[in-house]
Amino acid sequence: MKAVCWQGVNELSVEQVPDPEILNAQDAIVKVTASTTCGSDLHLLGGYIPAMRAGDVIGHEFLGEIVEVGPEVSRHRPGDRVVVCSIIGCGRCRPCTDGMWSLCENSNPKPGLTDLMWGGSTAGIFGYSHAMGGFRGSHAEYIRVPFADYNAFTVPDGVDDMDALFASDAAPTGWMGADLGGVRPGDVVAVWGCGGVGQMAARAAMLLGAERVIAIDRYPERLAMTARHVGCEVVDYTSTDVNAELRERTGGRGPDVCIEAVGLEAEGTGPQRIYDGIKQRLRLEQDRPIAVREAIHACRKGGSVFVLGVFTGFVDKFPLGALMNKGLTLRGAQQHGQRYIPHLLDLIARGELKTSHLATHTMTLDDGPRGYDMFKRKKDGCVRAVFRPWI
Ligand SMILES: NC(=O)c1ccc[n+]([C@@H]2O[C@H](COP(=O)([O-])OP(=O)(O)OC[C@H]3O[C@@H](n4cnc5c(N)ncnc54)[C@H](O)[C@@H]3O)[C@@H](O)[C@H]2O)c1
Ligand SMILES: [Zn+2]
Ligand SMILES: [Zn+2]
């Protein structure tokens with residue numbers, strides 16, 4: 001079958017790879033009908049995620065049709081239209097049964113690769129390096145889905161493919177930031193980043209009752225899209241002092257909840273960006289925590305900061321003093337999608353959550369490298385490039 005493969009830093013190619021097969025009794029094979037780019041893939045492409053190998057199939061946010069099931073799959077059968085969580089849970093271990101699916105103890109067969117760096121490992125993640133299990137990704141014609149009863153969700157009739165697709169990753173990630181960030185009715189919430197994840201976090205905060213939601217980015221098309229489709233306030237960080245602006249809009253206190261949806265390749269204005277850029281190149285720090293620092297600084301006393309953006313290792317100039325003295329709560333996680341996807345599909349079916357506007361560009365798998373180039377450079381207003389192998 002055809003697949004988009006990682007070949008090295010900023011190098012992708014479309015290759016023929018073997019078709020996936022059922023390996024375990026709880027596996028299903030899914031014919032991929034739509035698979036989209038995510039900001040996390042840019043970190044792979046940029047060479048920041050360790051343990052990638054030339055030829056690895058990438059992609060983790062996808063939707064498709066079940067074509068084959070293992071003997072222990074009971075909730076799905078061939079023909080089901082399913083959206084699959086980007087993170088793989090076993091459904092039975094302690095973290096999975098506690099709803100912390102991305103901490104699954106069983107789905108990542110290579111936990112030792114991150115034990116040294118993090119003192120622990122994440123769940124398996126589709127198409128996301130050998131440190132996250134070495135699973136083949138979804139930018140392919142077919143994919144093997146382990147523990148299919150827990151990771152594949154039947155899409156209700158009446159929900160369009162292009163809406164359901166983002167219930168795989170962007171929407172549950174955003175929802176988790178607002179939920180575990182502790183958004184309460186009446187709160188003011190600030191979100192850094194107006195990519196797919198930031199937009200979904202902003203919408204989740206609104207649906208959870210936030211009184212004001214302010215989203216921050218620099219790209220005019222993304223800011224306009226967020227204002228229009230999410231319906232929140234927006235701030236261009238290149239034309240104003242974000243901290244001062246947030247103080248101004250919160251009566252001098254700062255936002256109650258700050259959600260970071262930018263990650264390790266954060267941009268910024270001023271010397272901070274140069275400082276982090278040099279340190280990252282020299283491998284003196286792995287990640288550029290520009291938006292995390294800003295969120296911690298801006299957050300009101302006693303507030304909470306949730307890091308949705310992906311980080312890999314060590315960062316410099318982390319404002320621990322602000323965190324400690326202001327009594328902040330800091331959390332982060334890979335997404336626990338399984339606990340949110342059914343509710344999100346319901347919200348999408350009711351029209352309360354709009355997602356399909358994120359799919360700014362649709363193309364075939366052959367266009368994989370071109371799609372990633374557009375997405376990486378934010379060309380032509382690209383927010384997500386969606387590959388549809390069978391159209
Ligand atoms: N926690 C999870 O499970 C999970 C899931 C999906 C994605 N992610 C991560 O979330 C992050 C966002 O993903 P995405 O798909 O929306 O990516 P994206 O690249 O489409 O969007 C990131 C946005 O951040 C903006 N940005 C950069 N620097 C900024 C700054 N200093 N202040 C404000 N905005 C800034 C960029 O302009 C861009 O629009 C990535 O790091 C991705 O890896 C995490
Ligand atoms: Zn993702
Ligand atoms: Zn588990």
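Above this text sits the structure in question.
Residues numbered from 1 in each chain as written. Chains lettered and ligands numbered in written order. Predicted model: local features only at pLDDT ≥ 70, side-chain atom pairs only at ≥ 80, totals over all residues. Heavy atoms only, no water.

J.: Explanation requested: the coordination of the zinc ion (ligand 2) in the structure shown.
T.: Metal coordination angles have textbook ideals: 109.5 degrees for a tetrahedral set of four donors and 90 or 180 degrees for an octahedral set of six. Surrounding the zinc ion (ligand 2) are the protein donor atoms Cys38 (SG), His60 (NE2) and Asp169 (OD), which sit 2.0 to 2.3 Å from the metal. Read in sequence order, the donor residues coordinating the zinc ion (ligand 2) give the pattern C-x21-H-x108-D. One end of the pair, Cys38, is in the loop between β3 (28-36) and α1 (39-45); the other, Asp169, is in the loop between α5 (161-164) and α6 (170-180), with 131 residues separating them in the sequence. For the pair shown, Cys38 and Asp169 are each scored as buried. (Donors = N, O, S within 2.8 Å, 3.2 Å for Na, K, Ca; no water. Helix = DSSP H or I, 4+ residues; strand = E, 2+ residues; numbered from the N terminus. Buried < 20%, exposed > 50% of the residue type's maximum accessible area, 1.4 Å probe, protein only.)

J.: Please clarify how the site of ligand 1 should be interpreted in this entry.
T.: In the region of ligand 1, 31 residues are neighbours, and Ser40, His43, Asp217, Gln335 and Arg384 sit closest. Residue Arg222 places a side-chain N or O atom 2.9 Å away from an oxygen atom belonging to ligand 1. Note that a nitrogen atom of ligand 1 is positioned 2.8 Å from one of the backbone N or O atoms of Ala333. Contributing elements (two or more residues each) for the shell around ligand 1: α1, α7 (196-207) and β12 (212-217). (Near = heavy atom within 4 Å. Polar contact = N/O pair within 3.5 Å; in protein donor to acceptor, adjacent residues only side chain to side chain.)

J.: Help me out: how do you make sense of the packing of aromatic side chains in this one?
T.: Within a pair of aromatic rings, the relevant descriptors are the distance that separates the centres and the angle that separates the planes. Tallied over the full model, the rule gives 5 aromatic pairs. The interplanar angle of 40 degrees and the centroid separation of 6.2 Å between the aromatic rings of Trp101 and Tyr150 together place this pair among those described as tilted. One end of the pair, Trp101, is in the loop between α2 (94-97) and α3 (112-118); the other, Tyr150, is in helix α4 (residues 148-151), and 49 residues separate them in sequence. Of the residues examined, Trp101 reaches a relative accessible area of 11% and is grouped as buried. Given the relative accessible area of 17%, Tyr150 is considered buried. Ring centres of Phe126 and Phe135 lie 6.4 Å apart, and the angle between their planes is 65 degrees; this geometry places the pair in the edge-to-face category. Residues Phe126 and Phe135 agree in their burial class; the two are buried. By way of ring pairs, the aromatic residues Phe62, Phe126 and Phe135 are connected into one cluster. One cation-aromatic arrangement involves Arg75 over Tyr150; the distance from NZ or CZ to the ring centre is 5.0 Å. Above the ring of Phe375, the side-chain terminus of Lys378 is found at 5.3 Å from the ring centroid. (Phe/Tyr/Trp six-rings, centres within 6.5 Å; stacked < 30°, edge-to-face > 60°. Lys NZ or Arg CZ within 6 Å of the ring centre and 35° of its normal.)

J.: Hey, could you run me through the packing of α6 against helix α13 (residues 341-349) in this one?
T.: The description of two helices packed together rests on the angle between their axes and the distance between the axes. Packing of α6 against α13 brings their axes to within 10 Å, and their N-to-C directions diverge by 105 degrees. Comparing the axis directions of α6 and α13 gives the class roughly perpendicular. The segment α6 lies against α13, with Ala171, Pro172 and Trp175 engaging Ile341, His343, Leu344 and Leu347. Split into classes, the residues belonging to the contact of α6 with α13 amount to 6 nonpolar, 1 polar and no charged. (Axes fitted to C-alpha atoms, helices over the stretch in contact; angles between N-to-C directions. Parallel < 35°, antiparallel > 145°, perpendicular 65-115°, else oblique. Contact = heavy atoms within 4.5 Å. Nonpolar A, V, L, I, M, F, W, Y, C, P; charged D, E, K, R; others polar.)

J.: Sorry if this is basic, but what is going on with the sheet that holds strand β14 (residues 257-260) here?
T.: In a beta sheet, neighbouring strands are held together by backbone hydrogen bonds and run either parallel or antiparallel to one another. With parallel pairing, the 6 strands of this open sheet are ordered in space as β13-β12-β11-β14-β15-β16. The open sheet has two edge strands with one neighbour each: β13 (233-236) and β16 (329-332). Looking at each pair of strands side by side, their axes are set apart by 20 degrees on average, direction ignored. Taken together, the 4 bridges between strand β11 (residues 188-192) and β14 define a ladder with parallel strand orientation. By the bridge assignment for β14, Trp192 is matched with Glu260. Its contacts with the sheet put helix α9 (residues 242-249) on β11, β12 and β13, and the angle it makes with β12 is roughly 170 degrees. (Pairing = 2+ DSSP bridges.)

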